[in-house]
Amino acid sequence: MGDNIHAGHRSRMRGRFLETGFAGFSPHEVLEMLLYYGIPRRDTGPLAHKLLAEYGSLHSVLCADTEELKQIPGMTEPAAVLLTMMRELYVYDAAAEIAGAEMSDFRKICSHFKDLYRYEEREIIRAALLDEHLRLVRISTVAEGQPSAAQVSVRRITETAFSASCNTIILAHNHPGGTAKISAEDVAVTRELVRILKQFDIRLVDHIVVGGGEAVSMREYGVFIGTE
(Lines give C-alpha, C1' and ligand atoms only; values in the text may rest on other atoms or scores of the structure.)
Protein backbone atom coordinates (compact mmCIF):
# COMPACT_ATOMS: atom_id res chain seq x y z
CA MET A 1 0.00 0.00 0.00
CA GLY A 2 2.80 2.42 0.96
CA ASP A 3 4.58 1.88 -2.36
CA ASN A 4 1.32 2.51 -4.23
CA ILE A 5 0.77 5.78 -2.36
CA HIS A 6 4.30 6.99 -3.15
CA ALA A 7 4.00 5.86 -6.78
CA GLY A 8 0.76 7.81 -7.14
CA HIS A 9 2.28 10.92 -5.54
CA ARG A 10 5.33 10.74 -7.80
CA SER A 11 3.14 10.31 -10.86
CA ARG A 12 1.14 13.42 -9.94
CA MET A 13 4.32 15.43 -9.32
CA ARG A 14 5.75 14.39 -12.69
CA GLY A 15 2.45 15.35 -14.32
CA ARG A 16 2.63 18.84 -12.78
CA PHE A 17 6.21 19.23 -13.94
CA LEU A 18 5.43 18.14 -17.50
CA GLU A 19 2.62 20.69 -17.66
CA THR A 20 4.30 23.73 -16.10
CA GLY A 21 7.96 22.96 -15.47
CA PHE A 22 8.90 23.95 -11.93
CA ALA A 23 6.57 26.98 -11.96
CA GLY A 24 4.45 26.86 -8.81
CA PHE A 25 6.66 24.28 -7.09
CA SER A 26 7.97 25.08 -3.62
CA PRO A 27 11.72 24.55 -3.02
CA HIS A 28 11.11 21.35 -1.06
CA GLU A 29 8.94 19.97 -3.89
CA VAL A 30 11.66 20.67 -6.45
CA LEU A 31 14.22 18.93 -4.25
CA GLU A 32 11.86 16.07 -3.44
CA MET A 33 11.36 15.44 -7.15
CA LEU A 34 15.06 15.55 -7.96
CA LEU A 35 15.67 12.99 -5.23
CA TYR A 36 13.23 10.56 -6.87
CA TYR A 37 15.92 9.65 -9.37
CA GLY A 38 18.53 8.83 -6.73
CA ILE A 39 16.15 7.20 -4.24
CA PRO A 40 13.62 5.28 -6.35
CA ARG A 41 11.52 3.50 -3.70
CA ARG A 42 11.20 5.79 -0.70
CA ASP A 43 9.30 8.92 0.23
CA THR A 44 11.85 11.67 -0.43
CA GLY A 45 9.76 14.48 1.08
CA PRO A 46 11.23 14.22 4.60
CA LEU A 47 14.78 14.19 3.21
CA ALA A 48 14.03 17.25 1.08
CA HIS A 49 12.82 19.13 4.19
CA LYS A 50 15.88 17.94 6.13
CA LEU A 51 18.27 19.19 3.44
CA LEU A 52 16.60 22.59 3.27
CA ALA A 53 16.69 22.90 7.06
CA GLU A 54 20.40 21.96 7.06
CA TYR A 55 21.52 24.25 4.21
CA GLY A 56 18.90 27.00 4.28
CA SER A 57 18.00 27.10 0.58
CA LEU A 58 17.80 24.99 -2.55
CA HIS A 59 20.70 26.97 -3.98
CA SER A 60 22.92 26.04 -1.02
CA VAL A 61 21.93 22.38 -1.31
CA LEU A 62 23.05 22.38 -4.94
CA CYS A 63 26.31 24.07 -3.90
CA ALA A 64 27.08 21.40 -1.30
CA ASP A 65 29.98 18.96 -1.63
CA THR A 66 29.08 15.39 -2.63
CA GLU A 67 30.83 13.79 0.34
CA GLU A 68 29.13 16.22 2.70
CA LEU A 69 25.72 15.41 1.24
CA LYS A 70 26.36 11.69 1.68
CA GLN A 71 26.63 12.21 5.43
CA ILE A 72 23.03 13.44 5.70
CA PRO A 73 20.86 10.65 7.23
CA GLY A 74 18.65 9.12 4.56
CA MET A 75 20.82 10.28 1.67
CA THR A 76 22.10 7.74 -0.85
CA GLU A 77 25.26 8.02 -2.91
CA PRO A 78 23.35 8.12 -6.23
CA ALA A 79 21.16 10.95 -4.90
CA ALA A 80 24.16 12.93 -3.65
CA VAL A 81 25.93 12.50 -6.99
CA LEU A 82 22.77 13.53 -8.84
CA LEU A 83 22.50 16.79 -6.89
CA THR A 84 26.16 17.53 -7.59
CA MET A 85 25.60 16.76 -11.25
CA MET A 86 22.83 19.37 -11.39
CA ARG A 87 25.34 22.06 -10.37
CA GLU A 88 28.07 20.80 -12.68
CA LEU A 89 25.63 20.55 -15.60
CA TYR A 90 24.83 24.24 -15.16
CA VAL A 91 28.55 25.13 -15.20
CA TYR A 92 29.19 22.87 -18.20
CA ASP A 93 26.31 24.40 -20.15
CA ALA A 94 27.30 27.96 -19.23
CA ALA A 95 30.85 27.32 -20.45
CA ALA A 96 29.63 25.62 -23.65
CA GLU A 97 27.34 28.58 -24.39
CA ILE A 98 30.27 30.99 -24.59
CA ALA A 99 32.75 28.76 -26.47
CA GLY A 100 34.18 30.83 -29.29
CA ALA A 101 32.83 34.09 -27.83
CA GLU A 102 34.86 37.24 -28.38
CA MET A 103 36.23 38.31 -24.99
CA SER A 104 37.23 41.96 -25.25
CA ASP A 105 34.14 43.65 -23.79
CA PHE A 106 34.32 44.16 -20.02
CA ARG A 107 30.59 43.80 -19.42
CA LYS A 108 30.23 40.61 -21.44
CA ILE A 109 33.27 39.02 -19.78
CA CYS A 110 31.94 39.85 -16.32
CA SER A 111 28.51 38.48 -17.21
CA HIS A 112 30.01 35.20 -18.48
CA PHE A 113 32.02 34.63 -15.31
CA LYS A 114 29.20 35.65 -12.99
CA ASP A 115 27.16 32.82 -14.52
CA LEU A 116 30.00 30.32 -14.19
CA TYR A 117 30.39 31.02 -10.46
CA ARG A 118 26.70 30.93 -9.61
CA TYR A 119 26.90 27.65 -7.64
CA GLU A 120 30.41 27.98 -6.21
CA GLU A 121 30.82 28.30 -2.45
CA ARG A 122 34.53 27.46 -2.49
CA GLU A 123 37.17 29.78 -3.88
CA ILE A 124 37.93 28.70 -7.44
CA ILE A 125 40.42 30.28 -9.82
CA ARG A 126 39.67 29.77 -13.50
CA ALA A 127 41.60 30.69 -16.63
CA ALA A 128 39.86 31.63 -19.87
CA LEU A 129 42.20 30.66 -22.71
CA LEU A 130 41.94 32.93 -25.76
CA ASP A 131 43.12 32.69 -29.36
CA GLU A 132 44.89 35.51 -31.22
CA HIS A 133 41.52 37.16 -31.95
CA LEU A 134 40.54 37.12 -28.24
CA ARG A 135 37.97 34.39 -28.87
CA LEU A 136 37.43 31.89 -26.09
CA VAL A 137 39.02 28.48 -26.67
CA ARG A 138 38.11 26.98 -23.30
CA ILE A 139 37.91 27.69 -19.58
CA SER A 140 39.96 25.62 -17.13
CA THR A 141 40.15 25.51 -13.33
CA VAL A 142 43.72 26.30 -12.25
CA ALA A 143 43.33 26.38 -8.46
CA GLU A 144 40.74 25.79 -5.77
CA GLY A 145 40.50 25.89 -2.02
CA GLN A 146 38.65 27.21 0.98
CA PRO A 147 37.54 30.86 0.92
CA SER A 148 40.52 33.25 0.92
CA ALA A 149 42.94 30.31 0.77
CA ALA A 150 43.24 29.39 -2.93
CA GLN A 151 46.82 29.60 -4.14
CA VAL A 152 47.62 30.67 -7.70
CA SER A 153 50.01 28.21 -9.36
CA VAL A 154 52.02 29.81 -12.17
CA ARG A 155 53.06 26.34 -13.28
CA ARG A 156 49.42 25.21 -13.55
CA ILE A 157 48.49 28.35 -15.49
CA THR A 158 51.37 28.00 -17.95
CA GLU A 159 50.78 24.28 -18.48
CA THR A 160 47.09 24.94 -19.08
CA ALA A 161 47.84 27.71 -21.59
CA PHE A 162 50.48 25.69 -23.44
CA SER A 163 48.23 22.62 -23.65
CA ALA A 164 45.64 24.75 -25.48
CA SER A 165 48.29 26.47 -27.63
CA CYS A 166 47.14 29.83 -26.24
CA ASN A 167 49.31 32.68 -25.05
CA THR A 168 46.52 35.06 -23.98
CA ILE A 169 44.44 34.44 -20.86
CA ILE A 170 41.89 36.01 -18.55
CA LEU A 171 41.85 34.88 -14.92
CA ALA A 172 38.80 34.88 -12.68
CA HIS A 173 38.23 34.03 -9.05
CA ASN A 174 35.38 34.37 -6.59
CA HIS A 175 34.93 35.71 -3.08
CA PRO A 176 32.53 33.14 -1.56
CA GLY A 177 30.16 34.80 0.90
CA GLY A 178 31.68 38.17 0.10
CA THR A 179 31.45 40.91 -2.49
CA ALA A 180 33.17 41.53 -5.82
CA LYS A 181 35.23 44.32 -4.26
CA ILE A 182 38.84 44.17 -5.46
CA SER A 183 41.20 43.72 -2.52
CA ALA A 184 44.77 44.98 -2.16
CA GLU A 185 45.87 41.33 -2.25
CA ASP A 186 43.99 40.80 -5.54
CA VAL A 187 45.84 43.76 -7.05
CA ALA A 188 49.26 42.64 -5.80
CA VAL A 189 48.84 39.04 -6.98
CA THR A 190 47.56 40.16 -10.38
CA ARG A 191 50.42 42.56 -10.99
CA GLU A 192 52.93 39.89 -9.99
CA LEU A 193 51.29 37.35 -12.30
CA VAL A 194 51.45 39.77 -15.23
CA ARG A 195 55.19 40.14 -14.63
CA ILE A 196 55.92 36.42 -14.22
CA LEU A 197 53.73 35.23 -17.10
CA LYS A 198 55.47 37.65 -19.48
CA GLN A 199 58.58 35.52 -19.03
CA PHE A 200 56.69 32.64 -20.62
CA ASP A 201 55.25 34.86 -23.41
CA ILE A 202 51.79 34.61 -21.86
CA ARG A 203 49.64 37.75 -21.72
CA LEU A 204 47.30 38.13 -18.77
CA VAL A 205 44.78 40.61 -20.19
CA ASP A 206 42.25 40.77 -17.37
CA HIS A 207 41.33 39.37 -13.97
CA ILE A 208 37.67 39.11 -13.02
CA VAL A 209 36.51 39.10 -9.39
CA VAL A 210 33.11 37.56 -8.64
CA GLY A 211 31.11 37.88 -5.41
CA GLY A 212 27.71 38.77 -4.06
CA GLY A 213 26.05 38.13 -7.42
CA GLU A 214 28.31 40.67 -9.15
CA ALA A 215 31.52 40.57 -11.18
CA VAL A 216 34.11 43.28 -11.82
CA SER A 217 36.98 43.60 -14.28
CA MET A 218 40.33 44.56 -12.79
CA ARG A 219 41.40 45.96 -16.16
CA GLU A 220 38.36 48.22 -16.25
CA TYR A 221 39.30 49.48 -12.78
CA GLY A 222 42.81 50.37 -13.93
CA VAL A 223 44.77 47.63 -12.19
CA PHE A 224 46.72 46.83 -15.35
CA ILE A 225 47.90 50.40 -15.94
CA GLY A 226 51.70 50.44 -15.98
CA THR A 227 52.06 46.65 -16.15
CA GLU A 228 52.24 46.28 -19.94
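Use the structure listed above.
Quick caveat, the model's predicted, so the values are computed rather than measured.

(A) The arrangement of unusual backbone geometry in detail. Even without a glycine there, the phi angle at L134 is positive, about 65°. Phi is positive for S165, which is not a glycine, with a value near 55°. Residue position: S165 is located in the loop between α8 (154-163) and β3 (168-174). Look at S165 and you get exposed, because its relative accessible area is 71%.

(B) Examining a nonpolar patch on the surface more closely. Judged by side-chain polarity, F17, L18 and F22 come together as a nonpolar surface patch covering roughly 300 Å² of accessible area. As for its placement among the helices and strands, F17 is situated in helix α1 (residues 2-20). Judged by its relative accessible area of 32%, F17 falls in the partly exposed class.

(C) Structural view of the environment of I72. Tracing the backbone shows I72 in the loop between α5 (66-70) and α6 (77-97). A residue is classified by how much of its surface remains accessible, and I72, at 11% relative accessible area, is buried. Residues I72 and K50, 22 residues apart in the sequence, show an inter-C-alpha distance of 8.5 Å. Not counting chain neighbours up to four residues away, the residues in contact with I72 comprise L47, K50, L51, E54 and Y55.

(D) Spatial organisation of the environment of V187. Mapped onto the fold, V187 is located in helix α9 (residues 184-198). Among the residues examined, V187 registers a relative accessible area of 24% and is labelled partly exposed. When the C-alpha positions of V187 and H59 are compared, they lie 30 Å apart, and in sequence the two are 128 residues distant. Non-local contacts of V187, meaning those with residues more than four positions away in its chain, are made with I182, M218 and V223.

(E) Highlighting the packing of aromatic side chains. This model, assessed by the stated rule, comprises four aromatic pairs. With a centroid separation of 5.4 Å and an interplanar angle of 80°, the aromatic rings of F22 and F25 are classed as edge-to-face. Ring geometry for Y36 against Y37: centres 6.4 Å apart, planes inclined by 55°, an arrangement best described as tilted. The class of Y36 is buried, set by a relative accessible area of 3%. A relative accessible area of 55% means that Y37 is categorised as exposed. These aromatic residues form a ring-pair network of at least three members: F17, F22 and F25. Positioned above the aromatic ring of Y117 is the side chain of R126, whose terminal nitrogen or guanidinium carbon lies 4.8 Å from the ring centre. Over the aromatic face of F224 sits the side chain of R219, whose NZ or CZ is 4.7 Å from the ring centroid.

So, how was this worked out
Per chain, the residues get numbers from 1 upward, laid out in the order the sequence is written. Under the rules for a predicted model, residues below a pLDDT of 70 receive no local features and side-chain atom pairs below 80 are neither given nor counted, while totals for whole chains, interfaces and linings still include all residues. Side-chain measures were taken over the full set of non-hydrogen atoms in the model, leaving aside hydrogen atoms and water. Secondary structure follows DSSP: runs of H or I at least 4 residues long count as helices, runs of E at least 2 residues long count as strands, and numbering of each begins at the N terminus. The cut-offs for exposure are 20% and 50% of the maximum accessible area for each residue type, with area from a 1.4 Å probe on protein chains only; residues under the lower value are buried, those over the upper are exposed, and the others partly exposed. Like charges within 9 Å and nonpolar side chains (Val, Leu, Ile, Met, Phe, Trp, Tyr) within 5 Å are joined into patches, using only residues over 30% in relative accessible area that form no salt bridge. Using a 1.4 Å probe, accessible areas were evaluated by the Shrake-Rupley method; residue-level cover was limited to the displayed protein chains. The rule for a salt bridge is simple: a side-chain nitrogen of Lys or Arg has to be within 4 Å of a carboxyl oxygen of Asp or Glu. Contacts were defined at the residue level, with two residues in contact if any of their heavy atoms lie within 4.5 Å. Note on aromatic pairs: the rings of Phe, Tyr and Trp (six-membered ring only in Trp) are paired at centre separations within 6.5 Å, and the planes decide the class, stacked below 30 degrees, edge-to-face beyond 60, tilted for the rest. Working rule: Lys NZ or Arg CZ, within 6 Å of ring centre, within 35 degrees of ring normal, means a charge sits over the ring.

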